[in-house]
Amino acid sequence: MTHTPTNILVTGAAGFIGSNFVHYWLGTYPNEKIIALDALTYAGNRENLDPVATSPQFRFVHGDILDTPLIEQLLVDEEINTIVHFAAESHVDRSIHGPDAFLKTNIEGSHSLLKAAKKIWLDGGVNDHRFHHVSTDEVYGTLTADEPAFTEQHRYLPNSPYAASKASSDHIVRSYHHTYGLNTTISNCSNNYGPYQFPEKLIPLVIANILDSKPLPIYGDGKQIRDWLYVDDHNRGIDLIIREGKTDNTYNIGGNNEWTNIDIVGLICTLLDEKFAHDTTMSSRFAKAPQNSGKKASSLITHVDDRLGHDRRYAINAHKIMTELGYNPVESFETGIRKTLDWYLSNEKWWRRIMDGSYQNWIGKNYK
Ligand code: NAD
Ligand code: TYD
């Protein structure tokens, strides 16, 4: 059965994927109203929503998903029939150093939203509703080099507190369909990259550190593999699932794009070396960069202690969403990574404010 979103509540809307989703949604469906909720933790940034702030279809609410009465009020007042739930603690390294916040937000917070949706939609007779839960491929655990990519049938075997908290919330979402009949869907996506990604994650961290001539920390041997997808390709997949996905179904989203960490870092180094070689303004804009003293960006690569419990390989089999819903990523890695690089070069103020602020970028990195 297809679902027709009218007014949509997006949680975690000031974070990386959430803010890109808001931009994507208002660009694609200018007549649909979007309520953007975010608690503005260290990872949430109101500025990420500035480009849509004056849209009459957009409202920002500074609030916490744990605040069930607030969510109930929003569902009623704004006549919301669709929730897209991104809000989470999302960084694996932080979950290793402090798991409590992950269990609180990702498990209890998701449950708070489900309770509100059940009360307002099910008890209130809103039949055409959809609760979409945004999850991760990390719930499936790790793969060896030869194992086939994760399908939706893969057993859950989460290894980090982050992955375990996401796995728990997936199960609770599923139980709200099975027990109460809430219309739910879940997507499990691979690693995203693109604009507005907080520079504690690998790709933006490496870009910012090269421009400031700081070490590029490679955990362990750097041969761990991740399957990278451009953020708007994730959002296109979520859009399809909300409208045409089957209730109580899980869809994997991925771009068939596996890279070792050391190769990704090497690629970003090469692309930035090329930028400095071809664009004469780069040297004055980024005076500290190694290219200005005749060095290559890769000279900054520094091996550090491995992450505890580090998953070796993630890979997504996206056959189900491709065949059932006609999904296909639009961006190739070549185009996506160049777009991302250009965004960080054009938005220095955005990432510099974070890098220069109170944000602790030591987490998980033991420089030798
Ligand atoms: P992010 O850390 O950039 O953003 C999370 C947002 O949630 C922040 O704006 C934060 O302020 C907000 N938030 C945190 N706790 C909240 C609370 N209690 N109430 C309201 N808002 C709260 O994360 P992201 O990378 O954009 O990830 C978004 C979602 O997508 C997460 O659920 C994550 O598990 C999932 N996901 C991420 C990736 C990835 O590669 N980044 C891949 C697959 C799935
Ligand atoms: P990250 O961006 O934190 O995403 P995730 O842990 O969710 O996959 O890390 C991507 C990969 O890069 C992961 O294997 C850990 C590795 N990594 C480093 O080697 N150095 C770093 O400084 C960071 C942040 C990550």
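Residues numbered from 1 in each chain as written. Chains lettered and ligands numbered in written order. Predicted model: local features only at pLDDT ≥ 70, side-chain atom pairs only at ≥ 80, totals over all residues. Heavy atoms only, no water.

S.K.: With reference to specific residues and values, describe the overall build of the protein chain.
M.R.: For the protein chain, the count of helices and strands is twelve helices and twelve strands. For the protein chain, the C-alpha radius of gyration of 20 Å lies close to 21 Å, the compact-globule estimate for 368 residues. When the backbone C-alpha atoms are referred to their principal axes, the protein chain occupies close to 65 × 50 × 40 Å. Here the protein chain, with 368 residues, has 55% of them falling under the buried criterion. When contacts within the protein chain are restricted to residue pairs at least 6 apart in sequence, those whose partners lie at least 24 apart make up 82%. (Helix = DSSP H or I, 4+ residues; strand = E, 2+ residues; numbered from the N terminus. Rg over C-alpha atoms; globule rule 2.2 N^0.38 Å. Buried < 20%, exposed > 50% of the residue type's maximum accessible area, 1.4 Å probe, protein only. Contact = heavy atoms within 4.5 Å.)

S.K.: Would you mind going over the nonpolar core in detail, with residue names and values included?
M.R.: Grouped together as the largest cluster of nonpolar side chains are 36 residues, with contacts concentrated most on Ile210, Ile268 and Leu272. Residue assignment for this core shows that the elements contributing at least two residues are α6 (202-211), β8 (216-219), β9 (225-230), α8 (261-278), α11 (333-346) and α12 (348-356). Contact partners of Ile210, with chain neighbours within four places excluded, come to Leu216, Ile268, Cys269, Leu272, Ala289, Pro290, Gln291, Ala297 and Leu300. Core analysis: the next-biggest nonpolar cluster, separate from the first, contains 34 residues, Phe16, Ile17, Phe86 and Val231 among them. (Core = buried A, V, L, I, M, F, W, Y, C linked by side-chain atoms within 4.5 Å.)

S.K.: Describe the site of ligand 2, naming the residues involved and giving the relevant values.
M.R.: In the neighbourhood of ligand 2, 16 residues make up the surrounding shell, with Glu138, Pro217, Arg226, Arg307 and His310 lying closest. A distance of 2.6 Å separates an oxygen atom of ligand 2 from a polar atom in the side chain of Glu138. One of the side-chain nitrogen or oxygen atoms of Asn191 is found 2.9 Å away from an oxygen atom of ligand 2. Contact with the protein chains hides 97% of the accessible area of ligand 2, taken as 500 Å² for the molecule alone. Contributing elements (two or more residues each) for the shell around ligand 2: α6 and β8. In terms of residues, the shell around ligand 2 owes the most to one element, β8, which gives three residues. For the shell around ligand 2, the class distribution of residues is six nonpolar, four polar and six charged. (Near = heavy atom within 4 Å. Polar contact = N/O pair within 3.5 Å; in protein donor to acceptor, adjacent residues only side chain to side chain. Areas by Shrake-Rupley, 256 points an atom, 1.4 Å probe, with all protein chains shown as cover. Nonpolar A, V, L, I, M, F, W, Y, C, P; charged D, E, K, R; others polar.)

S.K.: Give a detailed account of the sheet that holds strand β7 (residues 191-193), specifying residues and quantitative values.
M.R.: One open sheet holds the three strands; their spatial order is β7-β9-β11, and the pairing between them is mixed. Single-partner strands in this sheet number two, and they are β7 and β11 (258-260). Each strand of the sheet is rotated relative to its neighbour by a mean of 50 degrees, with strand direction disregarded. Note that β9 and β11 share three bridges and pair antiparallel. Across the sheet, Ile225 pairs through a bridge with Thr260, a residue of β11. (Pairing = 2+ DSSP bridges. Axes fitted to C-alpha atoms, helices over the stretch in contact; angles between N-to-C directions.)

S.K.: So what's going on with the environment of Ala101? Which residues, and what values?
M.R.: With respect to the helices and strands, Ala101 occurs in helix α4 (residues 100-122). The sequence separation of Ala101 and Trp350 amounts to 249 residues, and the corresponding C-alpha distance is 25 Å. Excluding its chain neighbours within four sequence positions, the residues that come into contact with Ala101 are Glu89 and Asn106.

Coordinates in, geometry out; function isn't part of it.
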